Amino acid sequence: MARRNLIKIAFLLSLLILFSSCLDIEPTYQRKNIETAIKNLCKEEYNLKVEVKEAEDTIWIYAPFNNLTDGKGELDKKVTEEIGDIILSLQRVILSIDKPPKFYIFVASDIKNTGADLILIGFVPDLVKFQLRFISRDEFFKRRYLNFRINPQALGDEKGYHIKKFNLDLEDFTALIIGQQIRKFFTSAEYKEYFEVKKVEAGFNPQNKDLTIIIDIKKKKHKPPLPNPLEETLKIAQYYTCKVYELKNFSSLRIEDLDSGKIKILSKKALQELSFD
Amino acid sequence: MDTRKLKKFIKLHWIKLTLLIIGSILLILVTYMVILGIKSFITLESFYKKMTLAGIPIQLLFSIVTAFIFATIYTFMWIHMIYGGGLAKLGQKKIKSTQVNVKWEDVVGMESVKKEVAEVVNLIKDRAYLRKIGGKIIKGVLMVGPPGCGKTYLAKAIATETGLPFLAAVGSEFIGMFVGQGAARMKNLFKEARTLAELQGGCIIFIDEIDSIARPRVGVTGLGGGISYNATINQLLTELDGLRQEENNIVVIAATNVKEDELDPALMRAGRFDRKIYVGKPGLEDRRKLFAYYLKKTNYETSIDCSILARKTVGFSPADIANMVREASLIAVRNQREKIIYKDLSEAYDRVVFGLKSEITLSEREKVWVAYHEAGHAIIAYLTHPTDDVIKASIIPRKGALGYTGQRPPEEIHIYNKEHLLANIKTYLASFVAEKLKFGTTSAGVDQDFAYALQLAHQMVWRWGMGESGLLGNFYTLGSSSLWSQNFPLNISEKTKEKLDEDTQKIIQTCLKDVEEILTRERELLEYFAQELLKKEELEYDEIIEIFKKYGKEKPNKDSLPA
């Protein structure tokens, strides 16, 4: 009798464990308190002071630093750690919130020495995919926009006033990523000795829903086979617009190659049907 | 509670207490970790909580699959060990009786042995009937006999006739590097046999060369080799008829070349190796049948008379006969013949008995020496031996010897009388005398001859009471023996030993004197014989007879041998 009861209990427990993932779990954070949540988490767990601002579906985090770079022009080690902690806190809140924003933009500024901004822009669904291991780490890093610029306006700005906070669209974000990837491709170790990247600009025009990419990439040396900048740009653009983000609010792509003087214009459908062998 | 009682309690149950304490500590640790884990889980953000919970079913599935795989592997290994695998796995093969396939008709000759064995087979086959009467099945059958006489072959025939599974092992397989390995292997063997017996109604275990593990148990000294050895025999004794014995249909057949009394007496008692079957060398008729059997399997001249071959091969075992036929077929092939002829068998006989011709090249002087040496043997053997014939004399080096003289009785001899033994001694000493007569000196070539002569004379006096002093008895039995020391007499006075040794020397000196007389008298014959040997290098039986006939010497034993 006791043995039967034991078996029943064990069975029920197993079912409970098995179906526990179906339970509804309350989100830890509320969207209305997202700014304080991020600030408090950074303060309590890492003793870091940040400014957080919400701009519709984009969350801005500003972190001032006295020394962003070390003497060799690279990010200071301690700063890198602290930036990592801030990003982690940001991720924790964004992922466990009832209504997550679409984008997060993190700005770290050197307010004392150089007056520089380190900008990191990320797409929240990409973050979720990475956490669930649907995309690899490398792919996730490719889908984040990272930029470093000298900006004297950052000097002395502890609150981040010099940064204009706006709501980012997916199309704008895609354009940024495409531009970053094109630049990265032709300045990689494999091709940097063969190409000179003079200009790469990508932008989205919401009025005519046109994605424009302007490239000026010159061949320095000849060595077959080398990729064609125009074709490569097309490939990258197609990948991010049609496969990764599947942009809906986009109707055509225009690529201007200043080096060859060629211009390519493709409709969304034509872009989707393109194949590269 | 009384401290003494407490101490006693701890002393008796310290293992349980230790396990209980360790178990409790582990339980507390596990509980603490679970509580910590739950606490950490509660403090997790909702996204990570969901991730953790979502991962549980898949982790559970992986755990179940992994557990299933390991359980399967473990079960498979366990079954494999039960059915004869594992570290103590023997090299024994589980053989079906149909695979052995040695039929009764394939066992040639040894009719009396077959009769005894047939009885054993019937007892095994009719064990159900036997049990009804209330009889017990025989446990063990011991086959004793010289090597190559068909013990293993018989065992296979028993397996085929009974139709039972056949587990074969060799005694040396039970001797392992580690203590207890032999006993473990023995246990495994019988475990497997019991399983097979349950499944198939019976099982035969055949242990060849059982003397390697069945000699009398030893005292434990040194590095524990004795412990292991004893453990193996003890295990065998237990398996055959021990305390935990239950009735099972397992019959153990063992084969050995040593005498029964050299094995552990506990094994030989009734209830263990109940039946002892002596498998000896085949007689004349059996040899004839064996030749017919083996030749039938080859392409041979039908004119070959197996009776002649049988008479020529006195003292041959069935293995020797098979070897001889095999050699003959190889010789025929080498000579590009399609059939075996008598000459091939003759040559094969020489190879088996005398060995292959050696690479040694003798100088002329050495050849002369060897020729006189062998001539001495041949003449004395021919003239004095009551039974044996001189069948060959040779100065071609074979088998490590520079020459040889072959002698053989025309039929089996089972009783060796004094004259026979003395004639052997004289034959051995003949080489020494021949060398002395011819060269005025002797050589180290008499080494082996002297060894045999002395050994024989020694045995005549020390074992068979043939000494002149009249001292009787088998003085060897007054010695001690153990695994590590040879038999030597202990309980004999020095005076007696002296007398016995004197008798031994007297025999040798008397024989020597006789040989000197004969060879001096037959000097011409000696010279002629030696010269013939030098000329032809090898003299066959008929050539030898011709030489002696020429000098008017007839062999007292009139049984003519085939060439």
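Before going into details, it helps to say that this report is about the structure given with it. (Residues numbered from 1 in each chain as written. Chains lettered and ligands numbered in written order. Predicted model: local features only at pLDDT ≥ 70, side-chain atom pairs only at ≥ 80, totals over all residues. Heavy atoms only, no water.)

Looking at the overall build of chain B
Then step 1. When helices and strands are counted, chain B shows 20 helices and 11 strands.
Then step 2. Each of the 563 residues in chain B was classed as buried or not, and the buried ones make up 42%.
Then step 3. For chain B, the share of sequence-separated contacts (at least 6 apart) that also reach a separation of at least 24 residues comes to 73%.
Then step 4. When the accessible surface of chain B is totalled, it reaches about 31000 Å², and 59% of it is carbon and sulfur. (Helix = DSSP H or I, 4+ residues; strand = E, 2+ residues; numbered from the N terminus. Buried < 20%, exposed > 50% of the residue type's maximum accessible area, 1.4 Å probe, protein only. Contact = heavy atoms within 4.5 Å. Areas by Shrake-Rupley, 256 points an atom, 1.4 Å probe, with all protein chains shown as cover.)

Considerations on the sheet that holds strand β6 (residues 195-205) of chain A
Residue and element names in this part refer to chain A.
Then step 1. Spatial strand order, β6-β7-β8-β9: four strands in an open sheet with mixed pairing. Every interior strand has two partners, whereas the edge strands, β6 and β9 (263-267), have only one. Neighbouring strand axes in the sheet, compared pairwise and without regard to direction, differ in orientation by 10° on average.
Then step 2. Pairing of strand β7 (residues 210-219) with strand β8 (residues 252-257) involves six bridges; the strand directions are parallel. (Pairing = 2+ DSSP bridges. Axes fitted to C-alpha atoms, helices over the stretch in contact; angles between N-to-C directions.)

Topic: the side chain of Ser46 of chain B
Then step 1. Within the secondary structure, Ser46 of chain B is located in helix α2 (residues 46-82).
Then step 2. Within the structure, Ser46 of chain B has its side chain in polar contact with the backbone oxygen of Ser96 of chain A (distance 3.4 Å).
Then step 3. In contact with Ser46 of chain B, other than residues within four places in its own chain, are Ile25, Glu26, Pro27, Thr28 and Ser96 of chain A. (Polar contact = N/O pair within 3.5 Å; in protein donor to acceptor, adjacent residues only side chain to side chain.)

Describing the nonpolar core
Residue and element names in this part refer to chain B.
Then step 1. The biggest cluster of nonpolar side chains holds 73 residues, and the ones touching the most others in it are Met324, Leu345, Ile425, Ile507, Leu519 and Phe529.
Then step 2. At nine residues, the largest contribution of residues to this core is made by helix α15 (residues 364-384).
Then step 3. Here this core gathers at least three residues from each of two domains, domain 3 (284-354) and domain 4 (364-550). (Core = buried A, V, L, I, M, F, W, Y, C linked by side-chain atoms within 4.5 Å. Domains from an automatic or database assignment.)

Notes on the packing of aromatic side chains
Residue and element names in this part refer to chain A.
Then step 1. Scanning the model with the defined rule gives 28 aromatic pairs over all chains in all.
Then step 2. Between Phe123 and Tyr245 the ring centres are 5.5 Å apart and the planes differ by 80°, which places this aromatic pair in the edge-to-face class. Separated by 122 residues along the polypeptide, Phe123 in strand β4 (residues 116-123) and Tyr245 in the loop between α7 (229-244) and β8 bring together distant segments of the chain. The two residues Phe123 and Tyr245 agree in class, both being buried.
Then step 3. On the numbers, 4.9 Å between centres and 75° between planes, the contact of Phe186 with Phe195 is edge-to-face.
Then step 4. Taking relative accessible area as the criterion, Phe186 reaches 1% and is therefore assigned buried.
Then step 5. Note on Phe195: relative accessible area 3%, which makes it buried. (Phe/Tyr/Trp six-rings, centres within 6.5 Å; stacked < 30°, edge-to-face > 60°.)

Notes on α15 of chain B
Then step 1. Relative to the 30 Å expected for 21 residues at 1.5 Å per residue, α15 of chain B spans 30 Å between its end C-alpha atoms, a close match to the ideal helical length.
Then step 2. Among the 21 residues of α15 of chain B, 15 are classified as buried, and the element is accordingly described as predominantly covered. (Expected span 1.5 Å × (residues − 1).)

Thoughts on the packing of α15 of chain B against helix α16 (residues 418-439) of chain B
All names here are of chain B.
Then step 1. Packing of α15 against α16 brings their axes to within 7 Å, and their N-to-C directions diverge by 140°. With respect to their mutual orientation, α15 and α16 come out oblique. As α15 packs across α16, the resulting crossing turns out to be right-handed. Together, Val368, Trp369, Tyr372, His373, Gly376, His377, Ile380, Ala381 and Thr384 of α15 and Ala423, Lys426, Thr427, Tyr428, Ala430, Ser431, Ala434, Glu435, Lys438 and Phe439 of α16 make up the contact between the two elements.
Then step 2. The residue makeup of the contact of α15 with α16, split by class, is 10 nonpolar, six polar and three charged. (Parallel < 35°, antiparallel > 145°, perpendicular 65-115°, else oblique. Left-handed = near helix turned anticlockwise from the far one by under 90°. Nonpolar A, V, L, I, M, F, W, Y, C, P; charged D, E, K, R; others polar.)

Brief notes about the sheet that holds strand β11 (residues 538-540) of chain B
All names here are of chain B.
Then step 1. Read from one edge of the open sheet, three strands run β8-β7-β11, paired in antiparallel fashion. The open sheet terminates on both sides in strands that have one partner only, identified here as β8 (404-408) and β11. When the angles between neighbouring strand axes are averaged without regard to direction, this sheet yields 20°.
Then step 2. Looking at chain direction, strand β7 (residues 389-394) and β8 are connected through five bridges and run antiparallel. Paired with Val390 across the bridge in β8 is Gln407.

Focus: the environment of Lys553 of chain B
Then step 1. Here Lys553 of chain B shows up in the segment after α20 (541-550).
Then step 2. Spatially, the C-alpha atoms of Lys553 of chain B and Leu525 of chain B are 9.9 Å apart, while their sequence positions differ by 28 residues.

Looking at the pattern of salt bridges
Residues and elements named next belong to chain B.
Then step 1. With the rule as written, the count across this model stands at 36 salt bridges over all chains.
Then step 2. Taking the shortest distance from any N to any O, the salt bridge between Lys436 and Glu516 comes out at 3.7 Å. Placement of the pair is Lys436 in helix α16 and Glu516 in helix α18 (residues 494-521), with a sequence separation of 80 residues.
Then step 3. For Lys436, a relative accessible area of 39% puts it in the partly exposed group.
Then step 4. Because the salt bridges share partners, they merge into one network encompassing Asp350, Lys392, Arg398, Glu538 and Glu540. (Salt bridge = Lys/Arg side-chain N within 4 Å of Asp/Glu carboxyl O.)

Points about unusual backbone geometry
Then step 1. Positive phi values are uncommon outside glycine, yet Lys209 of chain A reaches one of about 50°.
Then step 2. Considering the arrangement of structural elements, one finds Lys209 of chain A in the loop between β6 and β7.
Then step 3. Unusually for a residue other than glycine, Glu537 of chain B sits at a positive phi of about 65°.
Then step 4. Take Glu537 of chain B: it is sitting in the loop between α19 (523-536) and β11.

Points about the interface of chain A and chain B
Then step 1. Contact with chain A, which involves 15 residues of that partner, is made by 13 residues of chain B.
Then step 2. Roughly 1300 Å² is buried in total at the junction of chain A and chain B, and carbon and sulfur atoms are behind 68% of that figure.
Then step 3. Its salt-bridge partner being Arg92 of chain A, residue Glu45 of chain B comes within 2.9 Å of it at the nearest N-O pair.
Then step 4. At the surface where chain A touches chain B, the tally comes to five residue pairs in polar contact (both at pLDDT 80 or more).
Then step 5. Mapped onto the side of chain A that touches chain B, the elements with two or more residues apiece are α1 (2-19), α3 (77-95) and α4 (124-131) of chain A. (Buried area = accessible area lost by both parts, 1.4 Å probe.)

With respect to helix α1 (residues 3-43) of chain B
Then step 1. Across its 41 residues, α1 of chain B extends only 50 Å between first and last C-alpha, which sits more than 12% below the 60 Å expected from 1.5 Å per residue.
Then step 2. Where α1 of chain B bends most, the angle comes to about 80°, and this point is His13 of chain B. (Bend = angle between axes of the 7 residues up to and from the residue.)

Focus on the packing of helix α11 (residues 284-296) of chain B against helix α13 (residues 318-334) of chain B
Residues and elements named next belong to chain B.
Then step 1. Here α11 crosses α13 at 40°, and the two axes come no closer than 10 Å. Taken together, the axis directions place α11 and α13 in an arrangement best described as oblique. Relative to α13, α11 is oriented so that their crossing is right-handed. Contacts from Arg287, Leu290, Phe291, Tyr294 and Leu295 in α11 reach Pro318, Ile321, Ala322, Met324 and Val325 in α13.
Then step 2. Tallied by class, residues from the contact of α11 with α13 come to nine nonpolar, no polar and one charged.

A few points about the side chain of Thr313 of chain B
All names here are of chain B.
Then step 1. Looking at the secondary structure, you find Thr313 in the loop between α12 (306-312) and α13.
Then step 2. Look at Thr313 and you get buried, because its relative accessible area is 0%.
Then step 3. Within the structure, Thr313 has its side chain in polar contact with the backbone oxygen of Leu309 (distance 2.8 Å).
Then step 4. Those residues in contact with Thr313 that lie beyond four places of it in its chain are Arg287, Phe291, Met324 and Tyr349.

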